[in-house]
Amino acid sequence: MRSQRNIGGRALVLLIALTSLGLAACRPDMMNQPKAKPLSVSDFFSNGSNARQPPLHTVANGQAREDTAFYTGLTNGIYVTKLPVKLTPHLLARGQERFNAICAECHDRTGSGNGMVVQRGFPQPPSFHVDRLRNAAIGHFFDVITNGYGVMYPYATRVDPEDRWAIAAYVRALQLSHHASLSDADPAERAKLDGQR
């Protein structure tokens, strides 16, 4: 009987010792570590900031934008005239989807410039079907989406470059669809159209 009490007493002493060691390891300063929060004040730097500005022209890893035509729509300060991405049905479908979601509220779904906000008093944008815009380089549309134009807000932070090119390609498709003639169609497609009449 005494041996069982000894074992129970030893186990209790061991449990108390382990608990006190465990509690000693959980000090409050482990949870409340000194750190600098963003935009907080510090007396370490002379300007009172807790962080330094990155050096000029610093680029985040993987964010180098070396293809200036793709990211600006310009080559040597001149708008690009050729789409810098491959024109595919998927690209046009994406452009249509993004145009309808972002641009149609002002430009309407046909690109005529009579969207819903215009009908409610917002200034009317020019139609994409006027000669000036039909003859504009495709880089112009990318640049306008990126930097804005007139009362149009810049969408660089809201629309990725890939989607800006997709929208520009779709705008060009809208322009072609409004000013296409039967002679522009492929001869085989023209024969089909003639046969349907």
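The structure presented is a predicted model; accordingly, all values stated were derived computationally and were not measured.

The rules behind each value
Residues numbered from 1 in each chain as written. Predicted model: local features only at pLDDT ≥ 70, side-chain atom pairs only at ≥ 80, totals over all residues. Heavy atoms only, no water. 1 Å grid on protein atoms, 1.4 Å probe; cavity = no way out; pocket = protein on both sides within 12 Å on 5 of 7 lines; lining within 4 Å. Points joined across faces, edges and corners; volume = space filled by probe spheres on them. Helix = DSSP H or I, 4+ residues; strand = E, 2+ residues; numbered from the N terminus. Buried < 20%, exposed > 50% of the residue type's maximum accessible area, 1.4 Å probe, protein only. Axes fitted to C-alpha atoms, helices over the stretch in contact; angles between N-to-C directions. Parallel < 35°, antiparallel > 145°, perpendicular 65-115°, else oblique. Left-handed = near helix turned anticlockwise from the far one by under 90°. Contact = heavy atoms within 4.5 Å. Nonpolar A, V, L, I, M, F, W, Y, C, P; charged D, E, K, R; others polar.

**Student:** In this structure, what is going on with the layout of surface pockets? I would like to understand it.
**Tutor:** Here the largest pocket is characterised by a volume of approximately 530 Å³. Lining the largest pocket are 27 residues; nearest its centre among them are His107, Pro125, Val144, Tyr149 and Met152. Mapped onto the lining of the largest pocket, the elements with two or more residues apiece are α4 (89–107), α6 (131–134), α7 (138–147) and α8 (161–178). With 6 residues, the top contributor of residues to the lining of the largest pocket is α4.

**Student:** How should the environment of glutamate 162 be read in this particular structure?
**Tutor:** For glutamate 162, the position within the fold is in helix α8. On the accessibility criterion, glutamate 162 (43% relative accessible area) is partly exposed. Here the alpha-carbon distance between glutamate 162 and glycine 95, two residues 67 residues apart in the chain, equals 9.4 Å.

**Student:** I tried to follow the packing of α7 against α8 on my own but got confused; where do I start?
**Tutor:** The description of two helices packed together rests on the angle between their axes and the distance between the axes. In the contact formed by α7 and α8, the axes pass within 9 Å of each other and the chain directions differ by 130 degrees. By the criterion of interaxial angle, the relationship of α7 to α8 is oblique. In this structure, α7 meets α8 at a crossing whose hand is right-handed. Contacts between α7 and α8 involve Ile138, Gly139, Phe141, Phe142, Ile145 and Thr146 on the former and, on the latter, Pro161, Arg164, Trp165, Ile167, Ala168, Ala169, Val171, Arg172 and Gln175. Of the residues belonging to the contact of α7 with α8, the class tally is 10 nonpolar, 3 polar and 2 charged.

**Student:** Where do I start with the packing of α4 against α8 in this structure?
**Tutor:** Between α4 and α8, whose axes approach to 7 Å, the crossing angle comes to 95 degrees. In terms of orientation, α4 and α8 fall into the roughly perpendicular class. Only Asp163, Ala166, Ile167, Ala169, Tyr170, Val171, Ala173 and Leu174 of α8 make contact with α4, whose side of the interface consists of Leu91, Leu92, Arg94, Gly95, Gln96, Arg98, Phe99 and Cys103. Class assignment for the residues of the contact of α4 with α8 results in 11 nonpolar, 2 polar and 3 charged.

**Student:** Explain the side chain of histidine 107 here, please?
**Tutor:** Structurally, histidine 107 can be placed in helix α4. By relative accessible area, which is 12% here, histidine 107 ends up buried. The contacts of histidine 107, once residues within four sequence positions are left out, are Phe99, Ser112, Gly113, Asn114, Gly115, Pro125, Pro126, Phe128 and Met152.

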